[in-house]
Every structure is written in C-alpha cells, then in structure tokens.
Amino acid sequence: MDRNHVVLVDESDQQLGQMDKLLAHKKGLLHRAFSIFIFNSRGDLLLQQRALDKYHGGGLWTNTCCSHPQIGEDVLDSAQERLFFEMGISCELSHSFSFIYHAKVENNLIEHEYDHVFIGFTDTDPILNPSEAADFKWWSVEQIATDISVHPTRYTYWFKAALPQVIQKLKQASI
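Quick look at the structure, then. (Residues numbered from 1 in each chain as written. Predicted model: local features only at pLDDT ≥ 70, side-chain atom pairs only at ≥ 80, totals over all residues. Heavy atoms only, no water.)

Attention shifts here to the environment of Glu86. Considering the arrangement of structural elements, one finds Glu86 in helix H2 (residues 75-87). For Glu86, the contacting residues outside a window of four places in its chain are Gln48, Cys65, Cys66, Ile127, Leu128, Asn129 and Glu132. (Helix = DSSP H or I, 4+ residues; strand = E, 2+ residues; numbered from the N terminus. Contact = heavy atoms within 4.5 Å.)

The following block contains the structure:
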C-alpha cells in the first residue's frame, strides 16, 4: 500500500484530514502513527535498523516496525500489514497504549505523532524488506537500556520515548 500520506488528528485522535507525509513532517502537524514491539519467548525485543536511505532516521535502531495508517484504514490492520511488509512477520498484535510525542529530527523535520503502540510475540526471525530495514537483532531489554544510555544517538526518538512505557505495561500484565 502507498504510505505517502498521513492522517492528521487532534489530541483525542479524531481525524481532521490527510496530508502528504513529508509535508506533515516539515510542518510538524500532529498525525496518526503506530509502533510495533515484537518479543520472543526469551523476552528479547526484535529491533530494526532503519534502511540507510530513509528520509529521516536512516541507519538508526528502533522498535520492530513503525509507520502511518492511511485514511480509512484500521490502525491494527495497517500495523499487521506493515509488519509483514517490512519484516516478513505475521503474529497477533495487541494494542497496549497510545501517546503523543513531538521531536525535531534531522533534515529540518518534526515528528509530531499520536502513536498507537502494539505488542506481539513470536520466535520467528524476520525476512527484511531492504527498502525498509537494513538489519535486525534480538536484544534483551537490559542490553537495549545499557546501549541507549551509552549511545543514545543510535536510536530513534520515538523508540526511546515508548520503550519505558512498553516495559511498564508488560510488567503490569504479568502481575
């Protein structure tokens, strides 16, 4: 599916319209997004290294998959489609939480997203779409936290913002 547009939303995730993806990132307008975190049976998180030629975040490490649903598209359906497109993985996804973030990124762009966060579980290694992902690794949450503290610029902003919340939600679910 063509993903060159974003759905503009208000702070309650109510749809306001759509806009070209790059233009929305230039203007810093709030739009709908999703982030997927896939864990294996050992509790390791599947990280994706973004393709080197991405218009922002190229080569950075991030959560398993992220993108923007298109107008009229269900967010969960979009997330499942994109997970398969980018990583060659199909698994059940559960909506965990949503949050809004605003961050200046490279190339004078602004990420301002209403991000729906999904969690899934599989032991299947991905089959990467090279136009989306350059590499992957399964890492423990402890390894990730340590590396982020030492090398924060190697990771996307949204990943660093969402990860502590994902960890908290998983701890709450296991209580």
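Next comes the rest of the write-up.
Looking now at the nonpolar core. The biggest cluster of nonpolar side chains holds 21 residues, and the ones touching the most others in it are Phe37, Leu45, Ile144 and Phe159. Residue assignment for this core shows that the elements contributing at least two residues are strand E3 (31-39), strand E4 (45-50), strand E7 (93-105), strand E8 (109-121), helix H3 (141-150) and helix H4 (157-174). The element that contributes the greatest number of residues to this core is H4, accounting for five residues. Look past the residues within four positions of Phe37 in its chain and what remains in contact with it is Leu45, Asn63, Thr64, Val117, Phe118, Ile119, Gly120, Phe159, Ala162, Leu163 and Val166. In terms of nonpolar packing, the next biggest core, distinct from the first, is built from 15 residues, Ile36, Leu46, Phe118 and Ala133 among them. (Core = buried A, V, L, I, M, F, W, Y, C linked by side-chain atoms within 4.5 Å. Buried < 20%, exposed > 50% of the residue type's maximum accessible area, 1.4 Å probe, protein only.)

One number sums up the size of the largest pocket: a volume of about 320 Å³. Surrounding the largest pocket, 23 residues form its lining, Lys21, Arg50, Cys66, Ser67 and His68 being those nearest its centre. Elements represented by at least two residues in the lining of the largest pocket include exactly helix H1 (21-27), E3, E4, strand E6 (65-67), H2 and E8. Classifying every residue of the lining of the largest pocket gives six nonpolar, seven polar and ten charged. (1 Å grid on protein atoms, 1.4 Å probe; cavity = no way out; pocket = protein on both sides within 12 Å on 5 of 7 lines; lining within 4 Å. Points joined across faces, edges and corners; volume = space filled by probe spheres on them. Nonpolar A, V, L, I, M, F, W, Y, C, P; charged D, E, K, R; others polar.)

All right, on to the packing of aromatic side chains then. Scanning the entire structure with this criterion turns up six aromatic pairs. On the basis of an interplanar angle of 20° and a centroid distance of 5.9 Å, the ring pair of Phe37 and Phe159 is categorised as stacked. Note that Phe37 is positioned in strand E3 and Phe159 in helix H4, a separation of 122 residues in sequence. With respect to burial, Phe37 and Phe159 carry one shared label: buried. Here Tyr155 and Phe159 contribute two aromatic rings whose centre-to-centre distance is 5.9 Å and whose plane-to-plane angle is 25°, an arrangement assigned as stacked. (Phe/Tyr/Trp six-rings, centres within 6.5 Å; stacked < 30°, edge-to-face > 60°.)

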